[in-house]
Amino acid sequence: AGLDAADQAALEAAARDIAGLFAAAVTPPPIEDAIAAAYAPMAGAPVAVRSSATAEDLPGASFAGQQETYLNIRGAEAVLAAVKQCWASLWTARAIAYRLNSQVDQAGVALAVVVQQLVFAEAAGIMFTANPVNGKRGELLINAAWGLGEAVVSGAVTPDTLTIDKASGRVLQRATADKAVMTVRTAEGTHEAPVPERQRKAAVLSDAQAAELSRLGARIEQLYGMPMDVEWTLAGGAFAIVQARPITALPPEWRMS
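Residues numbered from 1 in each chain as written. Predicted model: local features only at pLDDT ≥ 70, side-chain atom pairs only at ≥ 80, totals over all residues. Heavy atoms only, no water.

Strand E5 (residues 139-146) sits mainly inside the fold: eight of its eight residues count as buried. Both faces of E5 are covered, namely the face carrying Glu139, Leu141, Asn143 and Ala145 and the face carrying Leu140, Ile142, Ala144 and Trp146. Sheet topology note: the strand E4 (residues 123-128)/E5 ladder contains six bridges and is antiparallel. The residue bridging Gly125 from the neighbouring strand is Ala144, located in E5. (Buried < 20%, exposed > 50% of the residue type's maximum accessible area, 1.4 Å probe, protein only. Helix = DSSP H or I, 4+ residues; strand = E, 2+ residues; numbered from the N terminus. Pairing = 2+ DSSP bridges.)

Next up, the structure:
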């Protein structure tokens, strides 16, 4: 209460105090038991533990990426610890400041944690089912990079960018980037690694794959009835959709009179 969004030191101090409270607290046994019971049939499979806050994706503000995601988490104990860390991440300095600047009631926010089986992605990225640059609803924009999607979401890598005609799936424009880093799995978690030289300047998606992905995007948009921001992965030649949210800041579609 009473924090100044511009006072970074005070924000960091508050965030450290709150994180300490979460770390010292005991997860309520019914919640802990339910999570462990749900994870048990997965037989220790690696999962993504992801935050989803009630203040995300508001009409006037997008909170995407404000809270934490933990990838390649294995074992019930590690999953429970990551869930607690996700809860605590509702109160990072960045998230508190963003809510202050956006005039969102700090006491009115809540956070759910999504636990998903991890896709061992060879490539991943983001797809917008309307063009966020020019507002054209008949175009999709796809960002693609090697490895897990975290490098794209965090901005660690400049991804390939493809503009697709939504009706036909045809690639209208392609910019293939020099992709220097990728997010890869480790024994416990993930880390950023150099992209092999032969892949750095290679296109992540073929025209046929881009068309297939665009068809999935069009179906998702049709399901929700609005332009969507979609996170996708590619593993073993098959696409998987891991998240879809409304596009919150789409410019009006420019038309010639």
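Bringing the environment of Asp17 into the picture now. When you line up the elements, Asp17 lands in helix H1 (residues 8-24). Accessibility expressed as a relative area gives 56% for Asp17, which makes it exposed.

Before going further, it helps to examine helix H3 (residues 76-88). The end-to-end C-alpha distance of H3, which contains 13 residues, comes to 19 Å, matching closely the 18 Å that a straight helix rising 1.5 Å per residue would cover. Taken as a whole, H3 has its buried residues at Val79, Leu80, Ala82, Val83, Lys84, Cys86 and Ala88. Check the buried side of H3 and you find it contacts H1, helix H2 (29-39), strand E1 (47-53), strand E2 (69-73) and strand E3 (111-117). (Expected span 1.5 Å × (residues − 1). Contact = heavy atoms within 4.5 Å.)

Let us now look at the pairing of strand E10 (residues 228-235). In terms of burial, E10 is largely enclosed, as seven of its eight residues are buried. Across six bridges, E4 lies against E10 in antiparallel orientation. Opposite Met127, over in E10, you have Val230 as the bridge partner. In this structure, E10 lies alongside strand E11 (residues 238-246), joined through eight bridges in antiparallel fashion. Within E11, the residue paired with Asp229 across the bridge is Arg245. Connecting E10 to the next strand, E11, in antiparallel fashion are two residues, including Gly236 with a positive phi near 60 degrees.

What follows concerns the nonpolar core. Met127, Ile142, Ile164, Leu205, Leu213 and Trp232 are the most contacted members of the largest nonpolar core, which totals 21 residues. Mapped by element, the contributors of at least two residues to this core are E4, E5, strand E6 (160-165), helix H7 (207-224) and E10. With residues near it in sequence (within four places) discarded, Met127 still touches Leu140, Leu141, Ile142, Leu213, Ser214, Gly217, Met228, Asp229, Val230 and Trp232. (Core = buried A, V, L, I, M, F, W, Y, C linked by side-chain atoms within 4.5 Å.)

Right, let's get into helix H4 (residues 93-101). Of the positions making up H4, those classed as buried are Ala93, Ala95, Ile96, Ala97 and Arg99. Each element contacted by the buried residues of H4 is listed here: H1. Backbone geometry just downstream of H4 places Gln103 in the positive-phi region, at approximately 55 degrees.

Looking now at the packing of H1 against H4. For the pair H1 and H4, the least separation of the axes is 8 Å and the interaxial angle reads 120 degrees. Judged by the angle between their axes, H1 and H4 are oblique. Classified by chirality, the crossing of H4 by H1 is right-handed. In contact with Gln8, Leu11, Glu12, Ala15 and Ile18 of H1, H4 contributes Ala93, Ile96, Ala97 and Leu100. Grouping the constituent residues of the contact of H1 with H4 by class yields seven nonpolar, one polar and one charged. (Axes fitted to C-alpha atoms, helices over the stretch in contact; angles between N-to-C directions. Parallel < 35°, antiparallel > 145°, perpendicular 65-115°, else oblique. Left-handed = near helix turned anticlockwise from the far one by under 90°. Nonpolar A, V, L, I, M, F, W, Y, C, P; charged D, E, K, R; others polar.)

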